[in-house]
Amino acid sequence: TAKVSSDILTKARLNKGKTWLWAIFRLFLFIGIGYVILYPILYMLSTTFRSDADILDPSIVWIPKHFSLNNIKQAFDVMEYPKALANTAGINMVAALLQVAVTSVVGYGFARYKFRGRSLLFGLVLFTIIVPPQTTMIPMFLKFSNFDVLGIAELTRTIFGMEGQVKLINTPFVMYLPALFGMGIRSGLFIYIFRQSFRGMPKELEEAALIDGCGPLKTFLRVMVPNAAAIYLTGILLSMVWYWNDYYISSMLMDQTKTVTVALSHLREGMWKFVSGKDLELTMLRMQAGCLLAILPPMVVYFFAQKKFTESVERSGIVG
């Protein structure tokens, strides 16, 4: 009996030791991953508030000796930050909201309605997720350069001898129209997320609404949308971030309208008037300040919405 008790005690100690070793390993693993993720942000904050003298001082690693807002002020002026911020909010953010509204309706249709060719169409939606935007950029540019609505251009040319095409390049419609027709930035992914979310809801909710006299649209707006509030919040935040960070489409189709990311891409050349001899290290100081200004609004939004966002991700099951 004493030997059995001793063996049990030894195994318990070994298991406890293994548990502690695994906990320590996970702790160092998470610290390492966290450092890799946070290092660019910490470096950006460290360099943004340095003076020109500090960047040339090899003794400074993280904390600047001379705290300065000069880099932010110059980046703010060169980027024309208020104007770029207004352009981004008025174009990209509106497109993000349109995208979420439209993709939720499409996702609900795939989840609840049976129609011929549904599987094929949903497969095409999934296919759009893996298609790189570079492959569709030239057709999009040509289409928006000579926009023909329902063949009106050909009709007016034939009957009246007039051109009916409209040039939409450098207008907000290059963002609004794709979002409105479910072809915005990563719209296929949002359709998939909403479809999975609505499929997981009990059909009894809609049946009860139909018994109470609600039509399909009223059922969707008054019953399904409130119950999918968590997934809507997730979709809105993700869509806003992706539209905010968009540079490729904005620079190709709206080269005369500066959004925050487009203004950031032009920051280096604009900073040469402040940096004598086009000094690379001093220019990088201003670039870091511009990057901070670019990511500041999404960070502020996430700071206030992080609790709701985390809860919505857990409820929607996106993590899996």
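Since the model is a prediction, treat every value here as computed from it, not as a measurement.

> Just to check I follow, could you spell out helix α6 (residues 134–145) for this structure?
For α6, spanning 12 residues, the distance from its first C-alpha to its last is 17 Å, which sits close to the expected 16 Å at 1.5 Å a residue. Among all positions of α6, only M137, F144 and S145 are buried. Taken around the axis of α6, the buried residues stretch over an arc of 95°, which confines them to a single face. Relative to its buried face, α6 has exposed residues pointing more than 90 degrees away, namely I138 and L142. Next to the buried residues of α6 lie α8 (173–180) and α13 (248–253).

> Before we go on, may I ask you to explain the layout of surface pockets in this structure?
To locate leftover empty space, one rolls a probe as large as a water molecule over the atoms. Approximately 820 Å³ is the volume attributed to the largest pocket. Around the largest pocket, the lining is made up of 31 residues, and of these P133, M183, G184, I185 and R186 lie nearest the centre. Only α5 (118–130), α6, α8, α9 (187–199), α12 (229–245) and α13 provide two or more residues apiece to the lining of the largest pocket. Sort the elements by how many residues they give to the lining of the largest pocket and α6 lands first, with 6 residues. Residue composition of the lining of the largest pocket, by class: 21 nonpolar, 7 polar and 3 charged.

> Could you clarify how one ought to interpret the nonpolar core in this entry?
Of all hydrophobic cores here, the largest spans 38 residues; its most connected members are M79, F144, V174, M175, Y243, L253 and L267. With near-sequence residues (within four places) excluded, M79 lies in contact with A84, V260, A263, L264, L267, G290 and L293.

> Would you mind showing me how to read the side chain of T257 here?
Here T257 lies in the loop between α13 and α14 (260–265). Setting aside residues no more than four positions away along its own chain, T257 makes contact with N87, I91 and N170.

> What am I meant to see in helix α11 (residues 216–227) here?
The periodicity of an α-helix, 3.6 residues per turn, causes residues three or four places apart in sequence to face the same way. For α11, spanning 12 residues, the distance from its first C-alpha to its last is 15 Å, which sits close to the expected 16 Å at 1.5 Å a residue. Of the positions making up α11, those classed as buried are T219, F220, V223 and M224. The buried residues of α11 occupy an angular sector of 125° when the element is viewed end-on, so they sit on one face. Within α11, the exposed residues directed more than 90 degrees away from the buried face are L217 and R222. Packed against the buried residues of α11 are α4 (81–112), α9, α10 (204–211) and α12.

> I keep staring at the packing of aromatic side chains and nothing clicks. Help me out?
In the structure shown here, the tally under the stated rule is 18 aromatic pairs. Arranged with centres 5.5 Å apart and planes meeting at 45°, the rings of F76 and Y81 form a pair that is tilted. Since its relative accessible area comes to 33%, F76 is described here as partly exposed. Overall, the relative accessible area of 8% leaves Y81 in the buried class. Three or more aromatic residues joined by ring pairs make a cluster, and in this case those are Y108, Y113, F194, F198, F220 and Y232. Over the ring of W242 we find R186; its NZ or CZ atom is 4.3 Å from the centre of that ring.

> Quick question: what am I supposed to make of the pattern of salt bridges here?
Working definition: two side chains of opposite charge can pair if their charged atoms are close together. Taken as a whole and assessed by the stated rule, the structure comprises 2 salt bridges. Its salt-bridge partner being K73, residue D77 comes within 3.5 Å of it at the nearest N-O pair. Linking D77 with K73, this pair stays in helix α3 (residues 70–78), spanning 4 residues, or about one helical turn. The salt bridge involving E206 is made with R112; its shortest N-O contact spans 2.5 Å. Of this pair, E206 sits in helix α10 while R112 sits in helix α4, and the two are 94 residues apart along the sequence. Assigned by exposure class, E206 and R112 land together as buried.

> Looking at this structure, I do not really get the packing of α9 against α12. What am I missing?
Axes are the key here: two packed helices are described by the angle between their axes and the distance separating the axes. Relative to each other, α9 and α12 sit at 175°, their axes nearing to 11 Å. It follows that α9 is roughly antiparallel to α12 by the angle criterion. Residues L189, F190, I193, F194, S197 and F198 of α9 pack against I231, Y232, G235, L238, S239 and W242 of α12. For the contact of α9 with α12, the class distribution of residues is 9 nonpolar, 3 polar and no charged.

> Please clarify how unusual backbone geometry should be interpreted in this entry.
Despite not being glycine, N170 has its phi angle at roughly 65°, a positive value. Among the secondary structure elements, N170 is positioned in the loop between α7 (152–159) and α8. In this structure, R186 is a non-glycine residue whose phi angle is positive, near 60°. Within the element layout of this structure, R186 appears in the loop between α8 and α9. Residue R186 is classed as partly exposed on the basis of its relative accessible area, which comes to 46%.

How each quantity is defined
Residues numbered from 1 in each chain as written. Predicted model: local features only at pLDDT ≥ 70, side-chain atom pairs only at ≥ 80, totals over all residues. Heavy atoms only, no water. Helix = DSSP H or I, 4+ residues; strand = E, 2+ residues; numbered from the N terminus. Expected span 1.5 Å × (residues − 1). Buried < 20%, exposed > 50% of the residue type's maximum accessible area, 1.4 Å probe, protein only. Arc of directions from axis to C-beta. Contact = heavy atoms within 4.5 Å. 1 Å grid on protein atoms, 1.4 Å probe; cavity = no way out; pocket = protein on both sides within 12 Å on 5 of 7 lines; lining within 4 Å. Points joined across faces, edges and corners; volume = space filled by probe spheres on them. Nonpolar A, V, L, I, M, F, W, Y, C, P; charged D, E, K, R; others polar. Core = buried A, V, L, I, M, F, W, Y, C linked by side-chain atoms within 4.5 Å. Phe/Tyr/Trp six-rings, centres within 6.5 Å; stacked < 30°, edge-to-face > 60°. Lys NZ or Arg CZ within 6 Å of the ring centre and 35° of its normal. Salt bridge = Lys/Arg side-chain N within 4 Å of Asp/Glu carboxyl O. Axes fitted to C-alpha atoms, helices over the stretch in contact; angles between N-to-C directions. Parallel < 35°, antiparallel > 145°, perpendicular 65-115°, else oblique.

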